[in-house]
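# Close look at the chain arrangement
Listed below are the residues making up each chain.
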Amino acid sequence: MPVFGWWALLLLVLIVTGAIGLTAFRYGLLPALVGGAPYMPTNPELVKTMIRLAGLKPSDRVVDLGSGDGRIVVAAAKAGVSQATGYEIDGWNVWKANRERKRLNLLNARFIRRPFWKISLREVDVVFVYGLPPYMARLAEKCAAELPSGARVISLLYELPGWRSLETQEGIHLYQKL
């Protein structure tokens, strides 16, 4: 192989390796460093189940903690809740979600770039979350301290320690604060 061919091959290997490394950092290591989870889009069928299990009402104020691309907030807004808010630490996902919200003209949805640990849940009726096990105990404490009585929590896959699930379907847990 000519010298130029080796340099081209080396350059290609470096570009591919760099792209893989940056992707792994952005979606794996970076969220862990800032107290979040990697972006994992929720299957559309599971989103439907989550929305149904939540028993959403027009008066509900909904939050999705770690909203990613916004699909749960969009589904809740389409279901007619009064306000659906997604909190996400990844600015790119917030930008994409807001773009989709505007495209769909959803006036009752919004996306905010902020760690959900820094928000208040005092005026929230429904919380959606896909949190990793290391964060669920702290989230259970936050929900217990801040959510009003009757508020519902929908958790995908992982349980809220110390809370009794009212119903579980397809790995989705429904909780209600007493």
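This write-up is about the structure you can find in this document. (Residues numbered from 1 in each chain as written. Predicted model: local features only at pLDDT ≥ 70, side-chain atom pairs only at ≥ 80, totals over all residues. Heavy atoms only, no water.)

Bringing the environment of Ala97 into the picture now. Note on placement: Ala97 falls in helix α4 (residues 91-104). A sequence separation of 29 residues divides Ala97 from Gly68, and the C-alpha atoms of the two residues are 7.8 Å apart. With near-sequence residues (within four places) excluded, Ala97 lies in contact with Gly68, Asp69, Gly70 and Phe111. (Helix = DSSP H or I, 4+ residues; strand = E, 2+ residues; numbered from the N terminus. Contact = heavy atoms within 4.5 Å.)

A separate point is the environment of Gly86. Relative to the helices and strands, Gly86 is located in strand β2 (residues 83-88). Considered as a pair, Gly86 and Val127 are 41 residues apart in the sequence and their alpha carbons are 10.0 Å apart.

What follows deals with unusual backbone geometry. For Asn105, which is not a glycine, the phi torsion comes out positive at approximately 55°. Within the secondary structure, Asn105 is located in the loop between α4 and β3 (109-113). Under the relative-accessibility criterion, Asn105 is labelled exposed at 57%. A positive phi angle is found at Glu170, which is not glycine, with a value near 50°. Under the relative-accessibility criterion, Glu170 is labelled exposed at 54%. (Buried < 20%, exposed > 50% of the residue type's maximum accessible area, 1.4 Å probe, protein only.)

Looking now at the nonpolar core. By size, the foremost hydrophobic cluster in this structure holds 27 residues, and its most contacted members are Leu56, Val62, Phe128 and Ile154. Only α2 (44-54), α3 (71-78), α4, β3, β4 (126-129), β5 (152-156) and β7 (172-176) provide two or more residues apiece to this core. For Val62, the contacting residues outside a window of four places in its chain are Leu56, Ala76, Val81, Gln83, Ala84, Thr85, Val126 and Phe128. Formed by 21 residues, the second largest nonpolar core is a distinct cluster that contains Leu65, Val127, Ala140 and Val153. (Core = buried A, V, L, I, M, F, W, Y, C linked by side-chain atoms within 4.5 Å.)

On to the pattern of salt bridges. Evaluated as defined, the whole model comprises 6 salt bridges. In this structure, Arg152 engages Asp60 in a salt bridge whose closest nitrogen and oxygen atoms are separated by 2.6 Å. Highlighted residues: Arg152 in strand β5 and Asp60 in the loop between α2 and β1 (61-65), separated in sequence by 92 residues. The same class applies to Arg152 and to Asp60, which are both buried. The partner of Asp125 in a salt bridge is Arg61, and the shortest N-O contact between them spans 3.0 Å. Placement of Asp125 in the loop between β3 and β4 and of Arg61 in strand β1 is noted, with a sequence separation of 64 residues between them. (Salt bridge = Lys/Arg side-chain N within 4 Å of Asp/Glu carboxyl O.)

The next thing to look at is the pairing of β5. Most of β5 sits out of view: 5 of its 5 residues are buried. Every second residue of β5 is oriented toward a common face, with Arg152, Ile154 and Leu156 on one face and Val153 and Ser155 on the other, all of them buried. In terms of strand pairing, β4 meets β5 through 4 bridges, oriented parallel. If you follow Val127 over to β5, its bridge partner there is Val153. Viewed along the sheet, the connection from β4 through helix α5 (residues 133-146) into β5 turns out right-handed. As defined by bridge partners, β5 adjoins β7 across 5 bridges and the pair is classed as antiparallel. (Pairing = 2+ DSSP bridges. Right-handed = clockwise from strand over helix to strand, strands pointing away.)

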